[in-house]
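Commentary on secondary and tertiary structure
One letter stands for each residue in the lines below.
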Amino acid sequence: MSSKDSPPTEYTSRAWFSILGAFTCAFCTVGFMNSFGIFQEYYTKNQLSSSSTSTVAWIGAISIFFLFASSVGSGAMLDIFGPKLMVYVGSFGCVFALMMTSLCQEFYQFLLAQGVVLGISMGLATWPMLALVGQYIKVKRAAAMGIVLAGSSLGGVIWPIAIDRLINKPSIGFSWTMRIVGFIMIPCFIFSCAVAKSPDTPKTNVETRDSNHQSEENTTEQKEIPQSHKAEALALVRKPSLQLLCLAMFVIYFGMFSPFFYTTSYAVEKGFSTSLAFYTVSIVNAASFPGRVLPGIVADKYGKFNCCIISTISAGIIALCWTKVTSVAGLVIWCAAYGFASGGILSLQQACAAQVATSTTLGLAIGTVSGSTALSAMANVPISGALVEKYGYLSLSIYSGVSLLLGSLLLIAARLAQNRELRAIV
C-alpha cells in the first residue's frame, strides 16, 4: 500500500470518534482547569476570605500538578491495559470531585476535592484519550492532536464565562454552580467512555490465523511481549531526544501559564474596564483554539519539532512585550497573539513526544513528557504571584519570556539530537 493510501485507512469512523471523544474529554478537564481564575477570585472573597491569595492559589497549583504528574502512570498503563478502565475511573472521579467541592467550606476540603481528587481524575481521563488518538492516527498526527487539544481551548473560553454568570446569581450560588457543571460534564464523559477503545492489535490478527497454529503462537506471544515492551520502554526513556524534550518542556512550563493567570489582574491594574479585564482570559483561550489546530496541520508537512521551536520562540518574544501594552486594542491583540503562539506549544509537544516513540510506547512517551512538566507547572502559579507582589508585572514578563526562550534552546538541542541537518523535516 502506498503512503497516499494510508490517510483514508487511518481516518476511519472509529478513529474520528476517538478524536471527538478526546476533544470532549479535554473540554471537560484541561478546559475546566483554565477557569480556576474565577474560583481564585470567588474563594478569596467568600469561603476562604480569611486565607491569603497565595494560599488559595495552591488549590489550582496542586490540581495542575496532579493533572500532569498522573500522566506518566496513565500513559504507561495505556500501552499495557488499554484506555477504558482509566477513562471510566477518571470520568467518575471528575464528577465526584465537583459534587464534593460544592459541599466544601474549609481550605483543606477544597484542597482535597478540587486540588487532589479533581487533578488526579482529570489526568486519568485526559492522557489515555490523547494517546489513544496517536494510536489511531499516524499520518497527520500533529493535526489530529491539535484538534483534540483545541477542546481545552474551547473549554477555556466557555467555562469561565458560564461559571461567572452562574456563581454570581443569588438564585444559584456556588454550590449549585458546581453541581450544574458536574451535570453538564456527565454526557460528555459518557461519550468519551463509549469511544475509548484501542485500535486492533497484532494479537487480534494472531487469533484469526489457522487454528492448528493458534495455541502455539499465542503462547509464544504471551512470553515475548512483556520482555519486548520492557526493552522498548527502556530504550525510549534513554533516548537523548526524549530526555531533552522533557527538559525543554520542564523549563517552558515555569513561565508559559503566567499570562493565562495574570492578564486579568494586569488589565485591572492598568485601569482597563472590569468587563474587558475579565474577558482577557477568554481572548487568550479563544486565540489558542486555532493556535492548536493550524500549527499541527503545518507541522505534519514541515516537522513537529521545527514548528514547536518557532511557536516557543514566538511566545517568548510576545511575553517579553507584555508590559508595553497600554491600550485596549493593544491588550486584545497581545492576548490573541500570545494565545495563538502558546497554543502551538501545547499541541505540538504531544506530537513531538509521539514522534520519538514507537507504536507500543506511545502512551509512555506522551505521559513522560507531560509528567516532566508537573513540578514546573505547579510552581508557575506561586512564583508568578510572588514576582507580581514584590517587583510588578515587568518582572513577570521577563520571567515568562526568558523561560520560554531558554526552553526553545533545549528544543533545538532535542531536534538536533534526531537530525543535524538544518533544513531537515523533524
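Residues numbered from 1 in each chain as written. Predicted model: local features only at pLDDT ≥ 70, side-chain atom pairs only at ≥ 80, totals over all residues. Heavy atoms only, no water.

1. Remarks on the overall build of the protein
Scanning the protein from terminus to terminus reveals 19 helices and zero strands. For 426 residues, the compact-globule estimate of 2.2 N^0.38 gives 22 Å, and the C-alpha radius of gyration of the protein, at 22 Å, lies within 12% of that figure. By principal-axis analysis of the C-alpha atoms, the protein measures approximately 75 × 50 × 35 Å. The buried share of the protein, reckoned over its 426 residues, is 55%. (Helix = DSSP H or I, 4+ residues; strand = E, 2+ residues; numbered from the N terminus. Rg over C-alpha atoms; globule rule 2.2 N^0.38 Å. Buried < 20%, exposed > 50% of the residue type's maximum accessible area, 1.4 Å probe, protein only.)

2. Concerning the environment of Leu294
Structurally, Leu294 can be placed in helix 14 (residues 274-302). Sequence separation between Leu294 and Phe340 is 46 residues, and the spatial gap between their C-alpha atoms is 9.4 Å.

3. Quick notes on helix 7 (residues 107-136)
Between its first and last C-alpha, helix 7 extends 42 Å over 30 residues, near the 44 Å set by a 1.5 Å rise per residue. The largest bend in helix 7 comes to about 35 degrees, at Leu118. (Expected span 1.5 Å × (residues − 1). Bend = angle between axes of the 7 residues up to and from the residue.)

4. Considerations on the pattern of salt bridges
Side-chain pairs of opposite charge can arise where the charged atoms are in close proximity. Tallied over the entire structure, the rule returns one salt bridge. Across the pair Lys304 and Asp300 runs a salt bridge, and its minimum N-O distance is 3.4 Å. (Salt bridge = Lys/Arg side-chain N within 4 Å of Asp/Glu carboxyl O.)

5. Digging into the packing of helix 5 (residues 53-81) against helix 18 (residues 374-391)
At a minimum axis separation of 8 Å, helix 5 and helix 18 run at an interaxial angle of 165 degrees. When the interaxial angle is binned, helix 5 and helix 18 end up roughly antiparallel. Viewed along their axes, helix 5 and helix 18 form a crossing whose handedness is right-handed. Residues Ala57, Trp58, Ala61, Ile62, Ile64, Phe65, Phe68 and Ala69 of helix 5 pack against Ala374, Leu375, Ala377, Met378, Val381 and Pro382 of helix 18. Considering only residue class, the contact of helix 5 with helix 18 consists of 14 nonpolar, no polar and no charged. (Axes fitted to C-alpha atoms, helices over the stretch in contact; angles between N-to-C directions. Parallel < 35°, antiparallel > 145°, perpendicular 65-115°, else oblique. Left-handed = near helix turned anticlockwise from the far one by under 90°. Contact = heavy atoms within 4.5 Å. Nonpolar A, V, L, I, M, F, W, Y, C, P; charged D, E, K, R; others polar.)

6. A closer look at the layout of surface pockets
Roughly 970 Å³ of volume is contained in the second largest pocket. What lines the second largest pocket is a set of 36 residues, among which Gly37, Gln40, Glu41, Phe261 and Ser265 lie closest to the centre. Counting only elements with at least two residues in the lining of the second largest pocket, the list comes to helix 4 (36-45), helix 5, helix 8 (141-167), helix 13 (258-269), helix 14 and helix 18. If one sorts the elements of the lining of the second largest pocket by residue count, helix 4 sits on top with eight residues. Classifying every residue of the lining of the second largest pocket gives 18 nonpolar, 13 polar and five charged. (1 Å grid on protein atoms, 1.4 Å probe; cavity = no way out; pocket = protein on both sides within 12 Å on 5 of 7 lines; lining within 4 Å. Points joined across faces, edges and corners; volume = space filled by probe spheres on them.)

Function cannot be read off these values alone, since they describe shape.
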